[in-house]
Amino acid sequence: MFVKSAFAVSALAALAVDRVQGAISCSSLWTVAPSLLPSLEVYVAQDYAANTTFSTPFASPAYNSPVPSLAAFCRFGAYIHTTNTTKVQFEVWFPLESEWSGRFAMVGNGGDAGGVNYPDMWGPLTKYHFAVASTDTGHNGTSADGTFALNGPQAQIDFGHRAVHLTAVYSKKLVKAFYGQHASYNYWIGCSSGGKQGLKELQTYPNTFDGVIAGAAAQWWTHLNGQTYRINALVNPVNSTGHLAATDYAAVGKLVLEQCDSLDGLKDGIITNPRKCKPDLSPLSCSSSQANQSSCLTQAKIDTMYKIYANWTSTTTGEWLFPGFEPGAEASSAFSVNGVPYGPAPDFFEYQVLNKTTVGTFTVANETEFEKLLKIADETDPGQTNAIDGYIEPYLKRGKLLTYVGLADTLIPTGSSLWYYEHVRQSLNYPSNLGDSYRLFTIPGMNHCSGGTSAYNFGGPGQRAAALNGTGQSSTFDKSHDMILAMIDWVEQGNAPDVLIGSKYVNNNRNTGIQFQRKHCPYPQEGVYIGGDANSADSFECKYIG
């Protein structure tokens, strides 16, 4: 049974406003917006009825899925000309004045972006009644296509940070123009590159947002792309003797689960803390008498798996460069280390570090040579895309930051989010009150941003309508089960979230009911099984475990 709590209804209604004196019509934005904002080229200002399924032939390949079951809204779209040769596309969707909560939100992108993120705009608009915005970050393409950077340092800057900032600034002014008043609170909601974008904005412009939700953030762009390329092309290259394919990962994942599932006291198909899991892969070795000879692994393949788990360290200095993947991540069919690096990584080095001026394929001879390129990437930080400033006190003095990560992330190693949290702690001299304004939630068994064997539905970024299985939506519309409502309560009422209850749905479909629930906890706490029905969140408690 799915319900809305009294808190949720009152929280969303508290700032609801009727049409106020001076508010304008949607079509008026055609002329009003350019008169208020410089370098603006409007391409749409149109009302849409409730229950519209939105689609447009002009959507980029990255975000061209139809968006069903929308609330009535005014769609505004425009380009901001950032230079004589570059422009940023953005859209703002405004709910009806009578339904507006008084809040503004911006949603992030994934990978190399390349389009307005229409699908992710559904939730903030329709469920939470926010005015909501998104940007293409300055180019049209797919999340895996980095060719936008060819001969384009200004396009790199748009992608790195300028598009997000300008979209936020322009959108907030448009909210004032449309409703006749500023939004009372402003939020960021994003995962992956969207997490990076939110962190970059609060690090650089601490006054833009009051609350930032940043999941599985790709914040260390140079080193993440380095690890993504290295771990595929140099550690697990296709056709090498040690190459691991999907069937190999399935065998490893099965063994790892057998060895580590019960470490938390409950055999449930989820490894609660993979850092306590120390896989012994010798039973899979073809030299082992217990191994199935038709599916066993050669020693070269076993060595590759251990390298994938291991941290990336410099071949010359031993310096730590980036985390490896957690045990358990390899079990997912979505595990990304297949020997073909995800597009943003090779394209980043080809077009932004080496500054190649024609389309080509990035290759490098070995890890030592690759580390030289990584050093150049760190020194130049193309587009100023890295979002790794740990000194975020100016933001934390006024805003709230909620980060989260799956402990079985298949694309960005989980340790990247843990590293940033510890980096902030160190940069701020380990403040005892950090939890008043910054909390990191870890989600056992969750893959990248969502999915996996876990209770990964908790009302965060990337929610979908019931017609799309209700993916990401919380089971109960209250602050204990819904991340966005928890953030609203934290920002506006000062109540920091101590727990988030996530749900796993039957057949991964919210419409078919709840399979089980878990309590997700602020790091470094864990959701510990205390006895009772293993499918009930009440059987778990957040505790500090050494």
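Just above, that's the structure.
What counts, and where the lines are drawn
- Residues numbered from 1 in each chain as written.
- Predicted model: local features only at pLDDT ≥ 70, side-chain atom pairs only at ≥ 80, totals over all residues.
- Heavy atoms only, no water.
- Helix = DSSP H or I, 4+ residues; strand = E, 2+ residues; numbered from the N terminus.
- Rg over C-alpha atoms; globule rule 2.2 N^0.38 Å.
- Buried < 20%, exposed > 50% of the residue type's maximum accessible area, 1.4 Å probe, protein only.
- Lys, Arg positive; Asp, Glu negative; His and termini not counted.
- Charge placed at Lys NZ, Arg CZ, Asp CG, Glu CD.
- Arc of directions from axis to C-beta.
- Contact = heavy atoms within 4.5 Å.
- Axes fitted to C-alpha atoms, helices over the stretch in contact; angles between N-to-C directions.
- Parallel < 35°, antiparallel > 145°, perpendicular 65-115°, else oblique.
- Left-handed = near helix turned anticlockwise from the far one by under 90°.
- Nonpolar A, V, L, I, M, F, W, Y, C, P; charged D, E, K, R; others polar.
- Core = buried A, V, L, I, M, F, W, Y, C linked by side-chain atoms within 4.5 Å.
- 1 Å grid on protein atoms, 1.4 Å probe; cavity = no way out; pocket = protein on both sides within 12 Å on 5 of 7 lines; lining within 4 Å.
- Points joined across faces, edges and corners; volume = space filled by probe spheres on them.
- Disulfide = S-S within 2.5 Å.
- Pairing = 2+ DSSP bridges.
- Polar contact = N/O pair within 3.5 Å; in protein donor to acceptor, adjacent residues only side chain to side chain.

**Things to note about the overall build of the chain**
Right, on to step 1. If you tally the helices and strands in the chain, you get 13 helices and 19 strands.
Right, on to step 2. Relative to its length of 546 residues, the chain is compact, with a C-alpha radius of gyration of 23 Å against a globular reference of 24 Å.
Right, on to step 3. For the chain, the residues scored as buried account for 60% of the 546 residues in total.
Right, on to step 4. The averaged location of the 45 negative side-chain charges in the chain is 3 Å from the averaged location of its 35 positive side-chain charges.

**Overview of helix α8 (residues 299-309)**
Residues spaced three or four apart along an α-helix face the same direction, because each turn holds 3.6 residues.
Right, on to step 1. For α8, the full list of buried residues reads Lys 301, Ile 302, Thr 304, Met 305, Ile 308 and Tyr 309. Angularly, the buried residues of α8 cover 155 degrees about the axis, an arc narrow enough to put them on a single face.
Right, on to step 2. As for α8, its buried residues are in contact with α6 (221-235) and α7 (246-260).

**Some remarks on the packing of α7 against α8**
Right, on to step 1. Direction vectors running N to C along α7 and α8 enclose 65 degrees, while the axes themselves pass 12 Å from each other. Judged on the interaxial angle alone, α8 and α7 are roughly perpendicular. Between α7 and α8 lies a crossing of right-handed hand. Side by side, α7 and α8 meet where Asp 248, Tyr 249, Val 252 and Val 256 of the first sit next to Lys 301, Met 305, Ile 308 and Tyr 309 of the second.
Right, on to step 2. Class assignment of the residues belonging to the contact of α7 with α8 gives a composition of six nonpolar, no polar and two charged.

**Details of the nonpolar core**
Right, on to step 1. One finds Leu 40, Phe 76 and Phe 94 to be the most contacted residues of the largest nonpolar core, which totals 75 residues.
Right, on to step 2. Residue contributions to this core peak at eight residues, all from helix α13 (residues 483-493).
Right, on to step 3. When sequence neighbours within four positions are dropped, the list of residues in contact with Phe 94 reads Leu 29, Ala 72, Phe 73, Cys 74, Phe 76, Leu 125, Ala 131, Leu 174, Val 175, Phe 178 and Tyr 179.

**Considerations on empty space enclosed by the protein**
In this approach the atoms are scanned with a rolling probe the size of a water molecule, which exposes any empty space left behind.
Right, on to step 1. The tally for this structure, following the rule as stated, stands at eight cavities of 30 Å³ or more.
Right, on to step 2. Approximately 130 Å³ is the volume attributed to the largest cavity.
Right, on to step 3. If you go around the largest cavity, you meet 14 residues; those closest to its centre are Thr 272, Pro 444, Arg 518, Gly 527 and Phe 540.
Right, on to step 4. Within the residue set of the lining of the largest cavity, elements represented by two or more residues are β17 (514-522) and β18 (525-529).
Right, on to step 5. Taken together, the residues that form the lining of the largest cavity break down as six nonpolar, four polar and four charged.
Right, on to step 6. Each pocket or cavity is described by its volume, and for the second largest cavity that value is around 90 Å³.
Right, on to step 7. Every residue along the wall of the second largest cavity is listed here: Gly 111, Ser 192, Ser 193, Ala 218, Trp 221, Leu 224, Asn 225, Thr 228, Tyr 342, Pro 344, Leu 411 and Ile 412.
Right, on to step 8. Among the elements that line the lining of the second largest cavity, the one with the most residues is α6, at four residues.
Right, on to step 9. Broken down by class, the residue content of the lining of the second largest cavity amounts to seven nonpolar, five polar and no charged.

**A closer look at the state of the cysteines**
Right, on to step 1. In the structure shown here, the tally under the stated rule is five disulfides.
Right, on to step 2. The disulfide bridge from Cys 26 ends at Cys 74, spanning 2.1 Å between sulfur atoms. On the sign convention where negative is left-handed, the bridge of Cys 26 and Cys 74, at about 75 degrees about the S-S bond, is right-handed. Here Cys 26, found in the loop between α1 (6-13) and α2 (29-36), pairs with Cys 74, found in strand β5 (residues 73-81); they are 48 residues apart in sequence, far enough to count as distant. With respect to class, Cys 26 is no different from Cys 74; both count as buried.
Right, on to step 3. For Cys 260, the disulfide goes to Cys 277, at an S-S distance of 2.0 Å. Given an S-S torsion of about 75 degrees, the disulfide between Cys 260 and Cys 277 has right-handed geometry. A residue pair is termed long-range when its members are at least 10 positions apart, and Cys 260 in helix α7 and Cys 277 in the loop between α7 and α8 qualify at 17 residues. The same class applies to Cys 260 as to Cys 277, namely buried.

**Notes on the layout of surface pockets**
Right, on to step 1. There is about 590 Å³ of room inside the largest pocket.
Right, on to step 2. Along the wall of the largest pocket there are 28 residues; nearest its centre are Gly 110, Asp 120, Cys 191, Cys 449 and Arg 464.
Right, on to step 3. Looking at the lining of the largest pocket, the elements that each hand over two or more residues are α3 (118-127) and β9 (185-191).
Right, on to step 4. Each residue belonging to the lining of the largest pocket can be placed in one class, and the counts come to eleven nonpolar, 15 polar and two charged.

**Brief notes about the pairing of strand β14 (residues 438-443)**
Right, on to step 1. The buried fraction of β14 is high, at six of six residues.
Right, on to step 2. Neither face of β14 is open: one carries Tyr 438, Leu 440 and Thr 442, the other Arg 439, Phe 441 and Ile 443, and all of them are buried.
Right, on to step 3. Pairing of strand β13 (residues 400-406) with β14 involves six bridges; the strand directions are parallel. By the bridge assignment for β14, Gly 406 is matched with Ile 443.
Right, on to step 4. The sheet contact formed by β14 and β17 spans two bridges and is antiparallel. Counterpart to Phe 441 in the pairing with β17 is Pro 522.

**Describing the side chain of Ser 454**
Right, on to step 1. Looking at the element boundaries, Ser 454 is found in the loop between β14 and β15 (476-477).
Right, on to step 2. Looking at Ser 454, its side chain comes within polar contact range of the main-chain oxygen of Pro 444, at 3.5 Å.
Right, on to step 3. Setting aside anything within four residues of it in sequence, one finds Ser 454 in contact with Ile 270, Ile 443, Pro 444, Gly 445, Met 446, Lys 504 and Phe 516.

**Here we look at the sheet that holds β17**
Right, on to step 1. Ordered in space as β2-β5-β6-β8-β7-β9-β10-β13-β14-β17-β16, the eleven strands form an open sheet in which the pairing is mixed. Edge positions in the sheet fall to β2 (40-48) and β16 (500-505), since each has one partner strand and no second. Put simply, the sheet's adjacent strands are angled 20 degrees from each other on average, direction ignored.
Right, on to step 2. Across five bridges, the pairing between strand β7 (residues 103-107) and β9 is parallel. By the bridge assignment, Val 107 is partnered in β9 with Ile 189.
Right, on to step 3. The sheet contacts of α2 involve β2, β5 and β6 (87-95), and relative to β2 the element is tilted by about 145 degrees.
Right, on to step 4. With respect to the sheet, helix α4 (residues 153-179) is in contact with β2, β5, β6, β7, β8 (131-135) and β9, its orientation differing from that of β6 by roughly 35 degrees.

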